[in-house]
Amino acid sequence: MTVDWKEEEKSKGTSEVKSGMGAGNGTLLSVHDLHVWYELKRWGMIHAGYVKAVDGVDFDLQPGESIGIVGESGCGKTTLMRTILGLVQPIKGSIVFDGGDISKLGDHDLQFYRSEVGYVQQDPYGALPPFMDLQQILEEPMIIHGVKSKEERIARIEQVLKEIKMTPVEDFLDKFPHMLSGGQQQRAVIARAMVLEPKLLVADEPVSMLDASVRVEILRLMQDLQASHNLAVLYITHDLSTVRYFTERIFVMYAGKIVEKAQVDELLDDPQHPYTQALLTATPDPDYENALHYKKVPPGEPPSLVNPPPGCRYHTRCPHMIEGLCDVEDPPRFEPTPRHFNWCWLYDEGRKWA
Amino acid sequence: MPENNKLLRVENLKLYFSTTMGTVQAVDDVNLELGYNEAIVIVGESGCGKTSFARGVLRLLPRNVHTYSGRIYLDNIDVMKLGDEQFRRDVRWEQMSMVPQAAMNALNPVLKIGDQVAEPLITHESMEKEQAWEKAREMVEKVGVPGDFLDRYAFELSGGMRQRVILAMALVTTPLLIFLDEPTSALDVLTQANIFNVLKRLKKEMKVSFILITHDVATSSELADRVAVMYAGQIVEVGHASTFFEAPLHPYSEMLMKSVPKLKVKEEPTFITGQPPSLLGPPTGCRFAERCPKRFDKCDEEPPLVMAKGHKVKCWLYV
């Protein structure tokens, strides 16, 4: 089936930036120096500082590429995702999608942008309206995005349901969310995200609410969709063990900043940043030995994002902290091995203090 | 009454609920033994009856109970014979307590942490408030929460701290056995590792026994002495952790272990096709038969629980 309606919708765009869309130089999504701060107010009016949820994030995403963003809760990964979806406005920096800066899009173009980016929520049951059956759920985005013909919509729904292996399709169309199992609900959420043929899928912990036996099935499904649609995927998670099989690159985030970036195998086999190392040590594989000894865990908790510590934000918990450097100066980017980046002073060859 | 050196023996526990759709056989004929200072993990998919099992043993029953039968010996006393009031006063929280699922949200938002941790002491052991607070302070410090946190409210604590407070609440009456229902599923990896360190230390220092209920096989290995696998209301395999994680016997356990993505080993995880049977009218015979790749004729009959290679397995392959 063609996506003629999509071309048509796109051409209706009015703002200037729109013409840029589609003229990207091969990069699908380019996030540059992104800062997202939430303002804190006292008594609802007096400025009382900012929560610096995302504080200087840079990355490029190619079409068809999958990236895993790993970090603890409160590290800003969800804010980053919401900013990319256009739900939160950044205070500084830009997000360029397919050649167009999304902060400059007009209403109509923003709507079009949203048809290009699918969103898979964390809790499938909470994300599906309980009073709509599956057909209504899947039709709604197409109605909003101007697919006028009912036949076309039904045909598209059938096609998507076949792709996510909810067959026979007729059995599922009149089902309400509560009649589906957890895995099927998550499939429905993925179907809803895919129904507008997006180029980018943003998945926020898509399997954390599911059973172990279903998780792999859902991740495999996303992987298949990625391959067959040349879909770019941003996979946000705190679970490192699922990342290895389903993404190509991993970014590790800590307190609003990316601290390490590398190819999956590179990062898991040779973690460089002390925080990444701590995460890897703490993630268990099923093994009897685990019960016999204590795990090494860095002391303390992630810092407050209102007043993040100066210098490297991990220095308060880091066992390798270099006094006078880590707690004073922000680490720049280092590249100790090709295409494996980290932001840690330990990898500075000409360390100033030496 | 048979005497032996087990802390808990559950025999033929049945817990059925009546619903508008029919009778749900949530726990169907479960037998389980637990030694002193031992930790057993019950793993299984959601809806397999593992939480109902814990509630059944603790007699925390909802109103729509249809059948509740079997024998539960705790410290060689048949607690099923006790009346509800006596059970509440002498057993629940005195001898066994529970850390509920989503413990992060289990704290009362309008009471101070200290009042909540001290409450079991005041109601169960008729302690004076000051004394109870003193004991509560000692207990929260044991799980790694600063003593002055007792004056705070739940919203002032991070997720990991709240989880520890709940743990302190379950520990404060120094019970013999604690049920942990998905204690870390909502927490970050580092916090999770921290909590398990605390649990390991408690097991060593206070000689508590644990029944850990989870669907997360990887983290369950942090505490397990033994592993029990539950499927569709029944226990299908019980084995020592040292052999279980390496070589599970029941086809379901085997497939469950293969579905766990591993971080340090490169091994593609697989998944189990199909869904567990409805507990409204579970199939006769082996309940896993429909999804089982090793199914044969015998599987239409109910398999017995047999000993094989040191594990108890409910599968015809090992008869």
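Within any chain, residue numbers begin from 1 and follow the written order of that chain's sequence. All chains are assigned letters beginning with A, and all ligands numbers beginning with 1, in the order in which they are written. In keeping with the model being predicted, local features are shown solely for residues with a pLDDT of at least 70 and side-chain atom pairs are shown and tallied solely at 80 or more, while totals for entire chains, interfaces and linings include all residues.

Quick word on the overall build of chain A
Consideration 1: In this text, helices come from DSSP runs of H or I with a minimum length of four residues, and strands from runs of E with a minimum of two, each type numbered from the N-terminal end. Check the secondary structure of chain A and you find 13 helices and 12 strands.
Consideration 2: Its C-alpha atoms give chain A a radius of gyration of 22 Å, near enough to 20 Å, the size a compact globule of 354 residues would have.
Consideration 3: Reported as C-alpha extents along the three principal axes, the dimensions of chain A are approximately 70 × 55 × 50 Å.
Consideration 4: Considering only intrachain contacts with a sequence separation of at least 6, the fraction spanning at least 24 residues in chain A is 66%. For a compact globule the rule gives 2.2 Å times the number of residues to the power 0.38, and the radius of gyration it is set against comes from C-alpha atoms. We call two residues in contact whenever the C-beta atoms placed from their backbones are within 7 Å.

Focus on the overall build of chain B
Consideration 1: If you tally the helices and strands in chain B, you get nine helices and 12 strands.
Consideration 2: In terms of overall size, chain B behaves like a compact globule, its C-alpha atoms giving a radius of gyration of 20 Å where 319 residues would be expected to give roughly 20 Å.
Consideration 3: By principal-axis analysis of the C-alpha atoms, chain B measures approximately 65 × 50 × 40 Å.
Consideration 4: Residues classed as buried in chain B amount to 49% of the 319 residues present.
Consideration 5: Long-range contacts, defined as pairs at least 24 residues apart, comprise 66% of the intrachain contacts of chain B with a sequence gap of at least 6. Put plainly, a residue is buried at 20 or more neighbouring C-beta atoms within 10 Å of its own, exposed at 12 or fewer, and partly exposed in between, counting only other residues' C-beta atoms, which are placed from the backbone.

Comments concerning the interface of chain B and chain A
Consideration 1: At the interface, 39 residues of chain B touch 34 residues of chain A.
Consideration 2: Of all elements in the fold, only α6 (189–206), α7 (217–220), α8 (241–244) and α9 (251–258) of chain B reach the threshold of two or more residues within the side of chain B that touches chain A.
Consideration 3: With seven residues, α6 of chain B is the largest single contributor of residues to the side of chain B that touches chain A.
Consideration 4: When grouped by side-chain class, the residues that make up the side of chain B that touches chain A number 19 nonpolar, 11 polar and nine charged. Each residue receives one of three labels: charged for Asp, Glu, Lys and Arg, nonpolar for Ala, Val, Leu, Ile, Met, Phe, Trp, Tyr, Cys and Pro, and polar for the others, Gly being one of them.

Focus on the sheet that holds strand β7 (residues 200–204) of chain A
All names here are of chain A.
Consideration 1: One requirement defines pairing of two strands: DSSP has to find at least two bridges between them. Overall, mixed pairing links the eight strands, which are arranged β6-β7-β8-β3-β9-β10-β12-β11 in an open sheet. Here the strands that pair on one side only, and so sit at the sheet edges, are β6 (117–120) and β11 (334–337). For this sheet the average axis-to-axis angle between neighbouring strands, irrespective of direction, equals 20 degrees.
Consideration 2: Where strand β3 (residues 66–70) meets strand β8 (residues 232–237), five bridges bridge the pair, whose relative direction is parallel. Bridging across to β8, V70 finds its partner in T237. Angles run from 0 to 180 degrees between N-to-C directions of axes, and those axes are lines fitted to C-alpha atoms, restricted for helices to the stretch in contact.

Description of the sheet that holds strand β2 (residues 22–35) of chain B
Residue and element names in this part refer to chain B.
Consideration 1: Taken in spatial order, the four strands line up as β2-β1-β4-β5 in an open sheet, and their pairing is antiparallel. Since the sheet does not close on itself, it has two edges, and those belong to β2 and β5 (77–78), each with one partner.
Consideration 2: Both strand β1 (residues 6–19) and β2 contribute to a ladder of 11 bridges, which runs antiparallel. The partner of Y16 across the bridge, within β2, is Q25.
Consideration 3: Sheet contacts for helix α1 (residues 50–58): β1, β2 and β4 (65–74); angle to β2, the most-contacted strand, approximately 70 degrees.

Here we look at the environment of S30 of chain A
All names here are of chain A.
Consideration 1: Structurally, the position occupied by S30 is in strand β1 (residues 29–42).
Consideration 2: For S30, a count of 19 C-beta atoms within 10 Å gives the class partly exposed.
Consideration 3: Taking C-alpha positions, S30 is 8.7 Å from Q62, a pair spaced 32 residues apart along the chain.
Consideration 4: In this view, S30 contacts D60 and V96; residues no more than four positions away in its chain are not counted.

What to know about helix α3 (residues 77–84) of chain A
Consideration 1: Where α3 of chain A is concerned, the buried positions are K77, T79, L80, T83 and I84 of chain A. Burial along α3 of chain A is one-sided: seen end-on, the buried residues are contained in an arc of 160 degrees. Working note: the arc is built from the helix axis to C-beta atom directions.

Description of the confidence of the model for chain B
Low-pLDDT portions of the prediction should not be read for the details of their coordinates.
Consideration 1: The pLDDT averaged across chain B works out to 89; a share of 98% of its residues lies at or above 70.
Consideration 2: For this predicted complex, the interface confidence score (ipTM) comes to 0.84, while the overall pTM stands at 0.87. Across the chain, each position has a pLDDT score giving the predictor's confidence in that residue, from 0 to 100.

Quick notes on the packing of helix α6 (residues 134–144) of chain A against helix α7 (residues 150–163) of chain A
All names here are of chain A.
Consideration 1: The interhelical angle for the contact between α6 and α7, taken along N-to-C directions, is 120 degrees, at an axis separation of 10 Å. Judged by the twist between their axes, the crossing of α6 over α7 is right-handed. Residues Q135, L138, E139 and M142 of α6 pack against R153, R156, I157 and V160 of α7.
Consideration 2: A class-by-class count of the residues in the contact of α6 with α7 yields four nonpolar, one polar and three charged. A crossing counts as left-handed when the near helix is turned anticlockwise from the far one by less than a right angle, and as right-handed when that turn is clockwise.

Some thoughts on helix α9 (residues 182–194) of chain A
Residue and element names in this part refer to chain A.
Consideration 1: In this scheme, a helix's expected span is set at 1.5 Å multiplied by one less than its residue total. Under the 1.5 Å per step criterion, the end-to-end length of α9 is 18 Å for 13 residues, consistent within 8% with the ideal 18 Å.
Consideration 2: Most of α9 is tucked away: 12 of the 13 residues are buried.
Consideration 3: Along α9, the residues that are buried comprise G182, G183, Q185, Q186, R187, A188, V189, I190, A191, R192, A193 and M194.
Consideration 4: Considering only its buried residues, α9 is in contact with β6, α5 (124–127), α6, α7, β7 and α10 (212–229).

With respect to the environment of V30 of chain B
Consideration 1: Topologically, V30 of chain B is positioned in strand β2.
Consideration 2: Setting aside residues no more than four positions away along its own chain, V30 of chain B makes contact with V10, L13, F53, Q234 and I235 of chain B.

Considerations on the packing of helix α3 (residues 113–125) of chain B against helix α5 (residues 159–171) of chain B
All names here are of chain B.
Consideration 1: Orientation of α3 relative to α5, taken along the N-to-C sense of each, is 25 degrees, at an axis distance of 7 Å. By the criterion of interaxial angle, the relationship of α3 to α5 is roughly parallel. Residues I113, Q116, V117 and P120 of α3 pack against V165, A168 and M169 of α5.
Consideration 2: Tallied by class, the residues present in the contact of α3 with α5 amount to six nonpolar, one polar and no charged. Any angle that falls under 35 degrees is termed roughly parallel, while one over 145 is termed roughly antiparallel, one within 65 to 115 roughly perpendicular, and all others oblique.

Some thoughts on unusual backbone geometry
Residues and elements named next belong to chain A.
Consideration 1: The omega torsion of the bond from T167 to P168 falls at -10 degrees, within 30 degrees of zero and hence cis.
Consideration 2: Within the fold, P168 resides in the loop between α7 and α8 (169–173).
Consideration 3: Phi angles above zero are rare outside glycine, and E197 is one such case at about 50 degrees.
Consideration 4: Here E197 shows up in the loop between α9 and β7.
Consideration 5: Positioned with a positive phi, A255 is a non-glycine residue whose angle comes to about 50 degrees.
Consideration 6: Secondary-structure assignment places A255 in the loop between β9 (249–254) and β10 (257–263).

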